[in-house]
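The chain contents come next:
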There are 2 protein chains.
Amino acid sequence: MKFILSAIDVNEAVAKMGRLLSSKSIIPILAGVLVEATEDCLMLTASDGMESIIHRLMIDEVDGNAILTPGKCVFSKETFDIAKKLKGPITFEVVDTNVIVTQNKLSLEFTTMDANDYPKVNVESNSAPFVLSGPSFMEMVTLTTFAASKNDVRPILTAVNMTFNKDKSVIVATDSHRLSRVFIDGIKSENDEVSLSVPATILDQALKSFDLTKDVIILPSQNSIAFANGNTVLNSRLLEGNYPDTSRLIPTDFNTDLVVNRKELIDGLELLQAISSNSTINLKVDSMFVELSAKGTGTKGTKEIVFESYDGLEDFSISFSPLYLLDALKRITDTSVLLRFNGPMQPFVAVSTDSESKATQLILPVRQS
Amino acid sequence: MKFILSAIDVNEAVAKMGRLLSSKSIIPILAGVLVEATEDCLMLTASDGMESIIHRLMIDEVDGNAILTPGKCVFSKETFDIAKKLKGPITFEVVDTNVIVTQNKLSLEFTTMDANDYPKVNVESNSAPFVLSGPSFMEMVTLTTFAASKNDVRPILTAVNMTFNKDKSVIVATDSHRLSRVFIDGIKSENDEVSLSVPATILDQALKSFDLTKDVIILPSQNSIAFANGNTVLNSRLLEGNYPDTSRLIPTDFNTDLVVNRKELIDGLELLQAISSNSTINLKVDSMFVELSAKGTGTKGTKEIVFESYDGLEDFSISFSPLYLLDALKRITDTSVLLRFNGPMQPFVAVSTDSESKATQLILPVRQS
């Protein structure tokens, strides 16, 4: 195998492979990248065993790129890393078990691994695809993955649960302290409804790897899911087990509605978060103000915000983790935010005051000290 | 004590105090900042016990700043940190043992410490000062501190040795693997020659805290040294013990001179440094080229550079740590660099080809494998 590729194209491919290129795996060959050169295309595969990315580079002679001898081989990550320090065309030539990387008066040799030892990445699907626009995909991912669990105590909660349906798809993530739900419509499919638990990590990777001016095609199968976009395909195993039934967790009725300026609330929470020692903030409503307060070691603070409207319980007060509410507030794009409560010890929601919005953020309170 | 200070001024003062504000000390009160308010000026002192900074803020009513009640008190670092998240004027008022920080509807309380418990920072000098321009001070510091030792195996080597003299001052730093020496002239003083071992850390801090369009005044005393610049004074204990005699370490005669393009040499070293597993690079000179080479785990590489001139030993070859040569090359501003050798196992120097330059970088080779 011998090919010439510009440093820019190598670096773009490395960026697209992202986390999957540098992830540690117990299978040594997965530390490498499977490179397959045909007459007019170079296919790169990176995988951590659970998630994979396949990126196809069309070889266009206009760029000075060229495939001189087709073939396949597994290159080490370092083989590509070196391109970060280079400009212009780079020649890659496999000689025996090494790849020789040359440019001008520079010559580097890296050992390779056998392409036949690289695990097969299967992206076949046994059902019709779901197709959604790039912006819809981005909305679905940015509004949910942050709420998925970051630790493996309950592995299923590291997933985003996606129930696709051509009428109204619902995407949910929760770490059991907060929950984010978004409805997406406009998904094209010939498929019946399907419910999948997709690792949040592959969705975050997709946002980095994809060209979101183009559609995203979702191909579910028995144990895995593939996301295709342009020349890039991401593939992941699905998480096993039943995703908890979240449909009844979000209350439909509330007795207390509070509307405040979103930016002022964010600023107040961030200020007090910096001094809070137990990551808890108290929100209290009196006749004119919302009063936020926090205590730390040798410090305490309060911030008053004039509310836009309040309708509900008298002397209302609730404590919560500012981190969760901040995460939610930062994903609402409206000037104002509507917080809906059912008393001091009941879950509350943050929603956009824009009735078009399909996203709901649920947050559990903490016991008031 | 009560004063009003703009968030910008608080943040500027925090930036000037830099590392000294956040440094850990076994003396609890040093975690705080001594704040002294007189009628027209606010004086802030931060210290780690070894090094100190005193920064004076002249209170100008045009900025909206004001001192309402003079006094002194030790504030915690957190008291100032909060200003990072604020804009506009902030009111600081000491009430009993707390300081209350207010702005608009925000109110924060922080516990304080007693100003009488804060160690006295002594910046008196028993001899006439040395005065040098801001740019000369910057040159002296940037050309030497990087070569001082980063670890405490031989504490004296964490210092930069400064021999001030009104005719020709010499500034030296070494970590025993490399040495940097710079001659500075144009220092104004009525003083006799003095030789001081100044911690490299205080010099690096000075570069960050000082306004280098203004002169730097150096005030040496028995056990300490002060650097004054505008409204800022940095003070440090001197390191005890004799600094090694470095005057004979830099050879005066060389048998091999090599001139190469500095940028090409830097690029070549950085490329090969990335693949070298033992941080060693070999430099070999043949009839036309300088060949750099390195070996790593499962990889090796070579880079050829056309030299500009070579005069010396035939089949010359030397191995060294690329880190040390790169550090030196990056502090030379010339297009070309002159490397001067005395054989493969002797220390070599990197100097600017500009004869005006007063800096010499000495590097020890490593045994060739």
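Structure: see above.
One structure accompanies this document, and this report is about it. (Residues numbered from 1 in each chain as written. Chains lettered and ligands numbered in written order. Predicted model: local features only at pLDDT ≥ 70, side-chain atom pairs only at ≥ 80, totals over all residues. Heavy atoms only, no water.)

Things to note about the relation of the copies chain A and chain B
One copy of the chain maps onto the second through a rotation around an axis plus a translation along that axis. Here is the rule: The least-squares superposition of copies is restricted to C-alpha atoms, and to residues with a pLDDT of at least 70 in both copies.
Note on the identical chains: chain A maps onto chain B by a rotation of 180 degrees and an axial translation of 0.0 Å, with an RMSD of 0.0 Å. Look at the turn and shift together and you get a two-fold axis relating the two.

A word on the sheet that holds strand β2 (residues 32-37) of chain B
All names here are of chain B. The line we're drawing: Pairing between strands is defined by DSSP: at least two bridges between the two strands are required. Helix and strand assignments come from DSSP, with helices taken as H or I runs of at least 4 residues and strands as E runs of at least 2, each series counted from the N terminus.
Taken in spatial order, the nine strands line up as β6-β2-β3-β4-β18-β17-β16-β10-β14 in an open sheet, and their pairing is antiparallel. In this open sheet, the two edge strands, each paired with only one partner strand, are β6 (71-76) and β14 (188-189). Alignment of strand β10 (residues 130-132) against β14, held across two bridges, turns out to be antiparallel. Opposite Val131, over in β14, you have Lys188 as the bridge partner.

Some details on the interface of chain A and chain B
How we decide: Any pair of residues with heavy atoms lying within 4.5 Å of one another is described as a contacting pair. What gets called buried area is simply the loss in accessible area from a 1.4 Å probe that two parts show on being joined, summed for both. Within this document, salt bridges are pairs made up of a side-chain nitrogen of Lys or Arg and a carboxyl oxygen of Asp or Glu, the two lying within 4 Å of each other.
At the interface, 23 residues of chain A touch 23 residues of chain B. Of the roughly 2100 Å² buried between chain A and chain B, counting both surfaces, carbon and sulfur atoms make up 63%. On the chain A side of the interface with chain B, the three residues burying the most area are Lys105, Glu109 and Leu271 of chain A, jointly 27% of the side's total. Scanning the region where chain A abuts chain B turns up two salt bridges.

Observations concerning the pattern of salt bridges
If you walk through the whole model with that rule in mind, you get 23 salt bridges over all chains. A salt bridge links Asp81 of chain A to Lys84 of chain A; the nearest nitrogen and oxygen atoms lie 3.7 Å apart.

Section: the nonpolar core
What counts here: By nonpolar core is meant a set of buried Ala, Val, Leu, Ile, Met, Phe, Trp, Tyr and Cys residues that side-chain atoms within 4.5 Å join together. To sort residues, take the accessible area from a 1.4 Å probe on protein chains only and compare it with the maximum for the residue type: under 20% means buried, over 50% means exposed, and anything in between is partly exposed.
Membership of the largest hydrophobic core comes to 97 residues, with the highest contact counts inside it found for Phe75, Phe137 and Phe227 of chain A together with Leu265 and Leu325 of chain B. Among the nonpolar cores identified, the runner-up in size contains 96 residues, and Ala328 of chain A together with Val10, Val141 and Phe210 of chain B belong to it.

Focus: the packing of helix α1 (residues 7-22) of chain B against helix α4 (residues 200-209) of chain B
All names here are of chain B. Our working rule: For helices, the fitted line uses only the C-alpha atoms of the stretch in contact; every axis is such a line through C-alpha atoms, and the angle between N-to-C directions lies from 0 to 180 degrees. Reported orientations rely on four angle classes, namely roughly parallel under 35 degrees, roughly antiparallel over 145, roughly perpendicular from 65 to 115, and oblique for the rest. The sense of a crossing depends on the near helix, which, turned anticlockwise from the far helix by less than a right angle, makes the crossing left-handed and, turned clockwise, makes it right-handed. In this classification, Asp, Glu, Lys and Arg are treated as charged, Ala, Val, Leu, Ile, Met, Phe, Trp, Tyr, Cys and Pro as nonpolar, and every other residue, Gly included, as polar.
Two elements in contact, α1 and α4, have axes whose closest approach is 8 Å; the angle formed by their N-to-C orientations is 155 degrees. Regarding the angle of α1 to α4, the classification is roughly antiparallel. Along this stretch, α1 crosses α4, giving a crossing that reads as right-handed. Here Lys16, Met17, Gly18, Arg19 and Leu20 of α1 come into contact with α4, specifically with Thr201, Ile202, Gln205 and Ser209. Across the contact of α1 with α4, the residue classes break down as three nonpolar, four polar and two charged.

A short note on the pairing of strand β13 (residues 178-184) of chain A
Residue and element names in this part refer to chain A. Burial within β13 is extensive, with six of its seven residues counted as buried. Bridging between strand β12 (residues 169-174) and β13 involves six bridges; their strand directions are antiparallel. Residue pairing across strands places Val172 opposite Arg181, the latter belonging to β13. The turn linking β12 back onto β13 is made up of three residues, and Ser176 within it adopts a positive phi angle of 80 degrees. Relative to strand β27 (residues 359-363), β13 runs antiparallel, the two being bridged by five bridges. Within β27, the position partnered with Ser180 by the bridge is Gln361.

Section: the sheet that holds strand β11 (residues 159-164) of chain B
Hydrogen bonds between backbone atoms are what pair the strands of a sheet, whose relative direction is either parallel or antiparallel. All names here are of chain B. Read across the sheet, nine strands follow the order β15-β11-β12-β13-β27-β26-β25-β19-β23 without closing on themselves; strand pairing throughout is antiparallel. Either end of the sheet is taken by a strand with one partner, and the two such strands are β15 (194-199) and β23 (309-311). Pairs of neighbouring strands in the sheet enclose a mean axial angle of 20 degrees, with direction left out of account. The pairing of strand β19 (residues 256-261) with β23 spans three bridges and is antiparallel. Bridging from a neighbouring strand, Leu258 pairs with Tyr310 of β23.

Comments concerning the packing of aromatic side chains
The geometry of an aromatic ring pair is captured by the separation of the ring centres together with the interplanar angle, meaning the angle of the planes. Put simply, the rule is: Each pair of aromatic rings taken from Phe, Tyr and Trp, with Trp reduced to its six-membered ring, is defined by centres within 6.5 Å and is described as stacked if the planes are under 30 degrees apart, edge-to-face if over 60, and tilted in the remaining cases. Geometrically, a lysine NZ or arginine CZ counts as sitting over a ring once it is within 6 Å of the ring centre and also within 35 degrees of the ring normal.
A full pass over the atoms with the stated rule returns 24 aromatic pairs over all chains. Ring plane angle 20 degrees and centroid distance 5.0 Å describe the contact between Phe3 of chain A and Phe92 of chain A, whose orientation is recorded as stacked. Here Phe92 of chain A lies in strand β7 (residues 89-95) and Phe3 of chain A lies in strand β1 (residues 2-6), a separation of 89 residues in the sequence. Here Phe3 of chain A matches Phe92 of chain A in class, with each residue buried. Ring pairs connect the aromatic residues Phe3, Phe75, Phe80 and Phe92 of chain A, which therefore count as one cluster. Taking NZ or CZ as reference, Lys168 of chain B lies 4.3 Å from the ring centre of Phe183 of chain B, over its face.

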